[in-house]
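Structural characterization, general
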Amino acid sequence: MSNVQRVLSGIQPTGRFHWGNYFGAIRQYIALQEEYEAYYFIANLHALTTIRDAQTLRQNTLDAAIDLLALGLDPDKAALFVHSDVPEVTELCWILMTGTPMGLLERCHAYKEKKAKGLTADAGLFTYPVLMAADILAYDSNLVPVGEDQVQHIEVTRDLARSFNHHFGETFVMPKAHVLEQAARVPGTDGEKMSKSYGNTIEIFEDPKTMRKKIMRIQTDSRPMEEPKDPDTDHLFQLYSLFADEAQRAEMAETYRRGHFGYGMVKKALADLAEAYFAEARKKRAALAADPNYVRQVLRDGTEKARAKAGEVLERVRRACGTAWWG
Ligand code: TYM
């Protein structure tokens, strides 16, 4: 196996991306493409567990590609592709599934949470972590930038890789999660983890007016203005910090500790920073949206790169486990 270091990550096209996706994951994709051989994909096969409408899935997939390119993903540096365009991964998923203990999947939180709520889970959701393991292992990925909520799945991936390697001989590269402490769990407007399923998101490309409205509705406590406050336990401050530079952050922290300020002022400062922060990407997005053929070509080129790598890994896997009956 070569010494090239590879980074890989996937993101579901279940709706428009939000600040949690950006700071928890996308910003890392863009930073890491500079140093690593990079593979990033739009996880449409995973999204099928929740989106059951063809036109929506198609549209979301293209929107996701446009968003990622607008935010700085550079197709000359990273392969950007759509999950289902690399069939090698689903073959690998099956091979891994044959060695996956049921108990391991029963402990995974997406399934456990759904079951705890009394909802019926399908086999797609139950086996989701195995597909995610295949997504990662198919490209000899060393590093996987994700938010904290995905770390358990990367642990499962490591378990499955270790067990396959043990059984069939050294085949897979052992991947590592890459989580940025500051953005491991970006809070939503209610202070819980920002997530589409909690309805507490602020989208990256929300129109500026709606974005401001959502920011103004971020939940805060009702302590008197005069009272000094601890910035480190405040989700509004945490959001502000994601956009602020070092000096702005220090100054706002000082304001919190002094007291005598209103949360409205913090919200307005946050809205100003957020609007400026994504202004460039917003312009770029408009240009990309007007040129869907370019975006499609980027995805086709990305698929070619991704399939070349996944094909090479699959060849190794088939030989290791014996499905390559001819060799
Ligand atoms: P998904 O589509 O739910 O989220 C995409 C990325 O955004 C991160 N994220 C957050 N980070 C910090 N704070 C938040 N509030 C927040 N919300 C979302 C997620 O951690 C993730 O990194 N299973 C994955 C997609 C996937 C994948 C893969 C990722 C499929 N195969 C292989 C890595 C490698 C998912 O559902 O992410």
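Below is a summary of the structure that appears in this document. Predicted, not measured: the structure shown is a model, and the values here were computed from it.

1. Here's the deal with the nonpolar core
- Ranked by size, the top nonpolar core spans 60 residues in total, and within it W19, I26 and L80 carry the most contacts.
- Residues lining this core come from more than one domain, with at least three contributed by each of domain 1 (6-186 + 291-321) and domain 2 (206-277).
- Counting residues in hydrophobic clusters, the runner-up holds 40 residues, among them L8, L131, M132 and V146.

2. Concerning the packing of helix α4 (residues 88-97) against helix α7 (residues 123-137)
- Between α4 and α7, whose axes approach to 8 Å, the crossing angle comes to 120°. Judged on the interaxial angle alone, α7 and α4 are oblique. When the axes of α4 and α7 are compared, the crossing they make is right-handed. Within the contact between the two elements, α4 uses V89, T90, L92, C93, L96 and M97 and α7 uses T127, V130, L131, A133, A134, D135 and L137.

3. So, the side chain of T255
- By the element assignment, T255 lies in helix α11 (residues 246-258).
- Setting aside chain neighbours within four positions, we find T255 in contact with F261 and M265.

4. Let's talk about the pairing of strand β3 (residues 78-82)
- Counting buried residues along β3, five of its five residues qualify, which places the element largely inside the surrounding structure.
- Across five bridges, the pairing between strand β2 (residues 37-42) and β3 is parallel. Counterpart to Y39 in the pairing with β3 is A79.

5. Remarks on the site of the ligand
- Around the ligand lies a shell of 27 residues, among which Q12, Y128, D135, D149 and V186 are the nearest.
- The separation between a nitrogen atom of the ligand and a polar side-chain atom of D135 is 2.7 Å.
- The separation between an oxygen atom of the ligand and a polar main-chain atom of G147 is 2.8 Å.
- With the chains in place, 95% of the 710 Å² that the ligand exposes on its own is no longer accessible.
- One can see that the ligand is located within the largest pocket.

Thresholds, definitions, all that
Residues numbered from 1 in each chain as written. Predicted model: local features only at pLDDT ≥ 70, side-chain atom pairs only at ≥ 80, totals over all residues. Heavy atoms only, no water. Core = buried A, V, L, I, M, F, W, Y, C linked by side-chain atoms within 4.5 Å. Buried < 20%, exposed > 50% of the residue type's maximum accessible area, 1.4 Å probe, protein only. Domains from an automatic or database assignment. Axes fitted to C-alpha atoms, helices over the stretch in contact; angles between N-to-C directions. Helix = DSSP H or I, 4+ residues; strand = E, 2+ residues; numbered from the N terminus. Parallel < 35°, antiparallel > 145°, perpendicular 65-115°, else oblique. Left-handed = near helix turned anticlockwise from the far one by under 90°. Contact = heavy atoms within 4.5 Å. Pairing = 2+ DSSP bridges. Near = heavy atom within 4 Å. Polar contact = N/O pair within 3.5 Å; in protein donor to acceptor, adjacent residues only side chain to side chain. Areas by Shrake-Rupley, 256 points an atom, 1.4 Å probe, with all protein chains shown as cover. 1 Å grid on protein atoms, 1.4 Å probe; cavity = no way out; pocket = protein on both sides within 12 Å on 5 of 7 lines; lining within 4 Å. Sits in = over half its atoms within 2 Å of the grid points.

Geometric values such as these leave the question of function open.
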